[in-house]
Amino acid sequence: MTGYVIRRILWIIPVLWAVATVTFFLMHAVEGGPFDREKELPEAVKANLAAKYNLDKPLVEQYGLFLWNMVEPITYDKVLGVGLGPGKLAGPKLDLGVSFENGRQVNTIISEGLTVSVQLGMTAFLYAVVVGMTLGVVAALNHNRFLDYLSVFFSTAGTAMPNFIIAVFLVVIFSVQLGWFDVLGWEFGNYRKMVLPIISLGTLPAAYIARITRASVLEVLGQDYIRTARAKGLQEWVVVLRHTIKNSMVPILTVMGPIFAFLVTGSFIVERVFAINGVGRHFVTAIGSRDYGVIMGTTIFFATVVAFANLIVDITYAWSDPRIRYK
Amino acid sequence: MADVRAVALELEDTFELPPQRGLWSDALHRLMQNRLALVSLFVLGALAVVVLLGNYVDAVQRYEPSALGDALPAGRHEAPSWDHFFGTDILGRDTWSRVMQGTLISLQIGLGVQVVVLTIGLLVGSIAAIGGRFLDNLMMRITDLAYAFPDLLFIILLRSVLQGRDWPILGDPVLQMIFAIAFVGWVTIARLIRGQMLSLRERDFVVAARAIGAPGWRIVFQHMLPNTLGPVTVAVVFGIPLAIFAEAVLGFIGFGLPPPTASLGRLVSDGYNYIQVNVWLVIFPAGAIALLMLCFTFLGDGLRDALDPRSR
């Protein structure tokens, strides 16, 4: 198992390298450069800017520079900015350069956006888990009755509805018509700015979790030990909480990884609707303005999230089901 | 003797044999019993008729999708009426004809992507399954990598690469969009077909076909591919709403088809800017997207239940 986990983690490195390489050449293949404006800049200015950011060099050399700036080993005294004698290795530099738009460090831009994206993602995750599991359990306990059909309908419809369509309808009803919530923005702790983005982002995963919970709980309810628990006279809530839900958790846990990845990478649409300054929004604007550093940074960030989510899925599978033998 | 025979024949007639059905007619029978899927199929059929009429018959289309209203500024932001079924936008354009155009494009892209995805998927999946260990490993590593890409971001990037150049065949923006989405979407189908074919390869009827000396292409096309059709059909039907969704997202964030073409995503995005002024502008295209996505998903759900061998 340990060997498998280590190999799985090491596999992430070539994956990220491949993602970075493909993105690098694709993004340079996009028509137009970062300094093509509506109002044409003078040739000399353009040439100077290109030289400053190494854009005048051959593409392969730029690629080499980019890779080197990512993996160049740096030492602790460089990180801390003070000399502490011969430095110990601190890790790769992970320098993504600066944004052409405002000259700020790409790493700073991403970490700022990350705060907002993580707040949104985590709260949506919480919403999805609570709502999804409740719906799933209620449906399973009322198998083939009205509440079950209602829940199944909701979860099928919820997996089919695009999040920006949900967002649009929510805004029309609750912001424009009823005026309960704000149309734009995100502010942690202010419910007027939080409820609609969370519901828009979290409804699809909630529906998905509801589906899986329902199936899993139904399967557990058919097991012999549940009949035994009931036969020995345990109260219904004990049977449900301790015997059923606890044992039906494994399939639900295994989908948490992809759901988390979906919430982080899918948030850019919701961020766009509500004008929230998260990581995804930077990616969208950066492609529009050919802001190479920001495109690379956000793509690598998203790919890392996806890679680790896949890693967690594989590990939970191996851990939860001993029949899956990884050699 | 003759009497016995007559009795036997008579008995044969009176016995009610259970109707023998093949996989497909059985699946159709099951699909017919799924009310939600049936309603979805009906709605999609009706929608297709209305959309075709709305794009190619002037009496239904009534206005050119990108023709400006003649009575500016009086014709701007009208509410739905008998003149303009869905109202008008800021430029006085008729929302009904624009939604019709957008829905047609969505359907074209949803179906077109599946054609491309199925072609690539069949090719790659079959090669991986029957082309030997080296090819299989290579193909699977490639699909592993393709899985690692955040798909919507990658579609946006591909779309931007394809955009704004004079491509020999890919000049049409709709085709560009189809290929951008399909390049990301083929992986699932390829892996599905590979898995199906790998398990089919060991089945007795394939071994038997090989034993009587059937050529390789005949085994693949006659014996293996038809048996992968069930799961592949389900995956393809589920792929349609995903492609429609991808196109709508791209249109919504401004990487869609170039204006004045009215794709549904762009219509939602345009309407959303005037949400305080004219709610109708966003409701109709958003409703069209929702309807398409729901119907195709319910249909896919019904098909999966109908074709799933475990549920029989």
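Not measured: the values here are computed from a predicted model.

Chemist: Before we go on, may I ask you to explain the overall build of chain B in this structure?
Modeler: Of regular secondary structure, chain B possesses 12 helices and 0 strands. Shown N-terminal to C-terminal, the secondary structure of chain B runs as helices and strands in the order α-α-α-α-α-α-α-α-α-α-α-α. Expressed as a percentage of its 312 residues, the buried residues of chain B come to 47%. Within chain B, residue pairs in contact and separated by at least 24 positions form 68% of the contacts whose partners lie at least 6 positions apart.

Chemist: What's the story with unusual backbone geometry in this structure? I'm lost.
Modeler: With the exception of glycine, most residues fall at negative phi, and the peptide bonds are largely trans. Residues and elements named next belong to chain A. One non-glycine residue, A275, adopts positive backbone phi at about 50°. Tracing the sequence through the fold places A275 in the loop between α13 (267–273) and α14 (279–288). Here A275 falls in the partly exposed class, since its relative accessible area comes to 32%. The phi angle at R290 is positive, at roughly 55°, despite the residue not being glycine.

Chemist: Sorry, what's going on with the nonpolar core here?
Modeler: In globular proteins that are soluble, nonpolar side chains generally tend to be buried together. Residues F66, F164 and F268 of chain A together with V268 of chain B are the most contacted members of the largest nonpolar core, which totals 158 residues. The greatest single-element share of this core, amounting to 17 residues, is contributed by helix α10 (residues 216–252) of chain B. Apart from the residues lying within four places of it in its own chain, the contact partners of F268 of chain A are G280, R281 and V284 of chain A together with L152, L153, I156, V249 and I253 of chain B. With 7 residues, the next largest nonpolar core counts A128, M139, V187 and A190 of chain B among its residues.

Chemist: Honestly, the interface of chain B and chain A in this entry has me stumped. Any pointers?
Modeler: A common way to state how big an interface is: give the accessible area lost once the parts meet. Each partner contributes residues to the interface: chain B has 42 residues there, and chain A has 41 residues. Buried area between chain B and chain A, both sides added, is near 3,700 Å², and the carbon and sulfur share of it is 83%. On the chain B side of the interface with chain A, the three residues burying the most area are L153, L157 and Y272 of chain B, jointly 17% of the side's total. Across the chain B-chain A interface, the total number found is 1 salt bridge.

Chemist: Can you help me understand the packing of aromatic side chains in this one?
Modeler: Aromatic ring pairs are described here by two measures, namely the spacing of the ring centres and the angle between the planes. Residues and elements named next belong to chain A. Under the counting rule described, the total for this entry stands at 11 aromatic pairs over all chains. With centroids separated by 5.0 Å and ring planes inclined at 45°, the aromatic side chains of F25 and Y63 adopt a geometry described as tilted. With F25 in helix α1 (residues 2–29) and Y63 in helix α3 (residues 59–71), this residue pair connects regions lying 38 residues apart in the sequence. For Y63, a relative accessible area of 12% corresponds to the buried category.

Chemist: Is there a simple way to explain the pattern of salt bridges in this structure?
Modeler: Two side chains carrying opposite charge are able to pair once their charged atoms lie near each other. Taken as a whole and assessed by the stated rule, the structure comprises 7 salt bridges over all chains. The salt bridge partner of R214 of chain A is D148 of chain A, with a shortest N-O separation of 2.7 Å. Remark: D148 of chain A occurs in helix α6 (residues 146–160) and R214 of chain A occurs in helix α8 (residues 191–221); sequence separation between them is 66 residues. A salt bridge links E236 of chain A to R230 of chain A; the shortest N-O distance between them is 2.9 Å. Judged by relative accessible area, which is 41%, E236 of chain A ranks as partly exposed. One salt-bridge network, held together by shared partners, links R211 of chain A together with D301 and R304 of chain B.

Chemist: Please explain α10 of chain B as it appears in this structure.
Modeler: Given 3.6 residues per turn, any residue in an α-helix points the same way as the ones three and four places further on. Residue and element names in this part refer to chain B. Along its 37 residues, α10 runs just 47 Å from first to last C-alpha, ending more than 12% under the 54 Å computed at 1.5 Å per residue. Of all the bends found along α10, the most pronounced is centred on G230 and spans about 45°, while P231, a proline, follows it within four residues. Where α10 ends, the next residue or the one after it, G254, has phi of about 95°, a positive value.

Chemist: Would you explain the packing of helix α3 (residues 35–56) of chain B against helix α12 (residues 280–307) of chain B in this entry?
Modeler: Residues and elements named next belong to chain B. At a minimum axis distance of 8 Å, the contact between α3 and α12 shows a crossing angle of 135°. By the angle class used here, α3 and α12 are oblique. Like other packed secondary-structure pairs, α3 and α12 cross with a definite hand, here left-handed. Contacts between α3 and α12 involve L36, A37, S40, L41, V43, L44 and L47 from the former and L291, L292, C295, F296, F298, L299 and G302 from the latter. When grouped by side-chain class, the residues that make up the contact of α3 with α12 number 12 nonpolar, 2 polar and no charged.

Chemist: Would you mind going over the environment of V220 of chain A with me for this structure?
Modeler: Residue and element names in this part refer to chain A. One can find V220 in helix α8. A residue is classified by how much of its surface remains accessible, and V220, at 7% relative accessible area, is buried. Setting aside residues no more than four positions away along its own chain, V220 makes contact with Y225, I226, H243, T244, N247 and S248.

Chemist: When you look at the environment of I219 of chain B in this model, what are you seeing that I'm missing?
Modeler: Residues and elements named next belong to chain B. Considering the arrangement of structural elements, one finds I219 in helix α10. Taking the relative accessible area as the measure of exposure, I219 reaches 6% and is therefore buried. Measuring from C-alpha to C-alpha, the distance between I219 and A148 comes to 34 Å, with 71 residues separating the pair along the chain. In contact with I219, other than residues within four places in its own chain, are V206, A209, R210, A214 and M224.

Chemist: I keep staring at α12 of chain B and nothing clicks. Help me out?
Modeler: Helix length check: α12 of chain B (28 residues) gives 40 Å between terminal C-alpha atoms against 40 Å at 1.5 Å per residue, within 8%. Counting buried positions along α12 of chain B gives 20 out of 28 residues, so the element sits mostly inside the fold.

Chemist: Could you clarify how one ought to interpret a nonpolar patch on the surface in this entry?
Modeler: A contiguous nonpolar patch, built from V49, L52, L53, Y56 and V57 of chain B and spanning about 460 Å² of accessible area, is present on the exposed surface. For V49 of chain B, the location among the structural elements is in helix α3.

About the criteria used
- Residues numbered from 1 in each chain as written.
- Chains lettered and ligands numbered in written order.
- Predicted model: local features only at pLDDT ≥ 70, side-chain atom pairs only at ≥ 80, totals over all residues.
- Heavy atoms only, no water.
- Helix = DSSP H or I, 4+ residues; strand = E, 2+ residues; numbered from the N terminus.
- Buried < 20%, exposed > 50% of the residue type's maximum accessible area, 1.4 Å probe, protein only.
- Contact = heavy atoms within 4.5 Å.
- Core = buried A, V, L, I, M, F, W, Y, C linked by side-chain atoms within 4.5 Å.
- Buried area = accessible area lost by both parts, 1.4 Å probe.
- Salt bridge = Lys/Arg side-chain N within 4 Å of Asp/Glu carboxyl O.
- Phe/Tyr/Trp six-rings, centres within 6.5 Å; stacked < 30°, edge-to-face > 60°.
- Expected span 1.5 Å × (residues − 1).
- Bend = angle between axes of the 7 residues up to and from the residue.
- Axes fitted to C-alpha atoms, helices over the stretch in contact; angles between N-to-C directions.
- Parallel < 35°, antiparallel > 145°, perpendicular 65-115°, else oblique.
- Left-handed = near helix turned anticlockwise from the far one by under 90°.
- Nonpolar A, V, L, I, M, F, W, Y, C, P; charged D, E, K, R; others polar.
- Patch = residues over 30% accessible without salt bridge, like charges linked within 9 Å, V, L, I, M, F, W, Y side chains within 5 Å.
- Areas by Shrake-Rupley, 256 points an atom, 1.4 Å probe, with all protein chains shown as cover.

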